[in-house]
Amino acid sequence: MPGYSTPTTKARICRDKAAGLHEAEIAEKFGLHRTTVLHIVKQYAQTEDYYDIKAKPGRPCKFTPHDVRVAVRALARTEAHDVADLQKEYFPEINPQTIRTRLKTCGLNAYIRRTKPLLTEAH
């Protein structure tokens, strides 16, 4: 079972361990490593709150998902013409490169917008 174990899987692992199954049998049943089963049993033996997710260590993001939505909306409404305008008006404490990087994850790539329509010989 690749990735993280679901709360249901964790509950079943703890139930099987309480029923007397060996860690190797439980690990084979769920497709996990034996030490993973030991860690899960140790972690949830006292609390039994399988939906409890501990806060991850590290610095919190300065540019939250809500800020990304605000930025995309401002660009769509042409309230800001580029990332520099966006940074000056809405997010002065955030580096413009950070804003560009987060907007790329939403599918918005940087380009310079034309200020006037392109006139060709046909016009």
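Residues numbered from 1 in each chain as written. Predicted model: local features only at pLDDT ≥ 70, side-chain atom pairs only at ≥ 80, totals over all residues. Heavy atoms only, no water.

The chain carries the name Transposase in an unreviewed UniProt entry, which gives Suillus plorans as its organism.

K.L.:
I'd love a proper account of the environment of Tyr111, names of residues and values included.
P.N.:
Secondary-structure assignment places Tyr111 in the segment after α6 (96-105). Along the sequence, Tyr111 and Asp82 sit 29 residues apart, while their C-alpha atoms lie 8.5 Å from each other. (Helix = DSSP H or I, 4+ residues; strand = E, 2+ residues; numbered from the N terminus.)

K.L.:
Please set out the packing of helix α1 (residues 7-18) against helix α3 (residues 34-44) residue by residue, giving values where relevant.
P.N.:
Running from amino to carboxyl end, α1 crosses α3 at an angle of 90°, the nearest separation of the two axes being 9 Å. With respect to α3, the element α1 is oriented roughly perpendicular. For the pair α1 and α3, contact is made by Lys10, Ile13, Cys14 and Lys17 and by Val37, Ile40, Val41 and Tyr44, respectively. In terms of residue class, the contact of α1 with α3 is built from six nonpolar, no polar and two charged. (Axes fitted to C-alpha atoms, helices over the stretch in contact; angles between N-to-C directions. Parallel < 35°, antiparallel > 145°, perpendicular 65-115°, else oblique. Contact = heavy atoms within 4.5 Å. Nonpolar A, V, L, I, M, F, W, Y, C, P; charged D, E, K, R; others polar.)

K.L.:
Just give me the short version of the packing of aromatic side chains, but keep the residues and values in it.
P.N.:
Tallied over the full model, the rule gives three aromatic pairs. Here Tyr44 and Tyr50 contribute two aromatic rings whose centre-to-centre distance is 5.4 Å and whose plane-to-plane angle is 45°, an arrangement assigned as tilted. Look at Tyr90 and Phe91: their rings are 6.2 Å apart centre to centre, the planes differ by 40°, and that puts the pair in the tilted class. Tyr90 gets classed as partly exposed once you look at its relative accessible area, which sits at 31%. Here Phe91 falls in the buried class, since its relative accessible area comes to 5%. Among the aromatic side chains, those forming a connected cluster through ring pairs are Phe63, Tyr90 and Phe91. (Phe/Tyr/Trp six-rings, centres within 6.5 Å; stacked < 30°, edge-to-face > 60°. Buried < 20%, exposed > 50% of the residue type's maximum accessible area, 1.4 Å probe, protein only.)

K.L.:
Tell me what's going on with the pattern of salt bridges, and back it up with residues and numbers.
P.N.:
This model, assessed by the stated rule, comprises four salt bridges. We note a salt bridge from Lys29 to Asp16, for which the minimum N-O separation is 2.9 Å. Here Asp16 lies in helix α1 and Lys29 lies in helix α2 (residues 23-30), a separation of 13 residues in the sequence. (Salt bridge = Lys/Arg side-chain N within 4 Å of Asp/Glu carboxyl O.)

K.L.:
Give a description of α1 that names residues and reports values.
P.N.:
For α1, which comprises 12 residues, the first-to-last C-alpha distance of 17 Å matches the rise-based estimate of 16 Å (1.5 Å per residue) to within 8%. Turning to α1, its buried residues are Thr9, Lys10, Ile13, Cys14 and Asp16. For α1, the angular spread of the buried residues around the axis is 160°, confining them to a single face. Looking at the buried residues of α1, the elements they touch are α2 and α3. Just beyond α1, the residue with positive phi is Gly20, at close to 105°. (Expected span 1.5 Å × (residues − 1). Arc of directions from axis to C-beta.)

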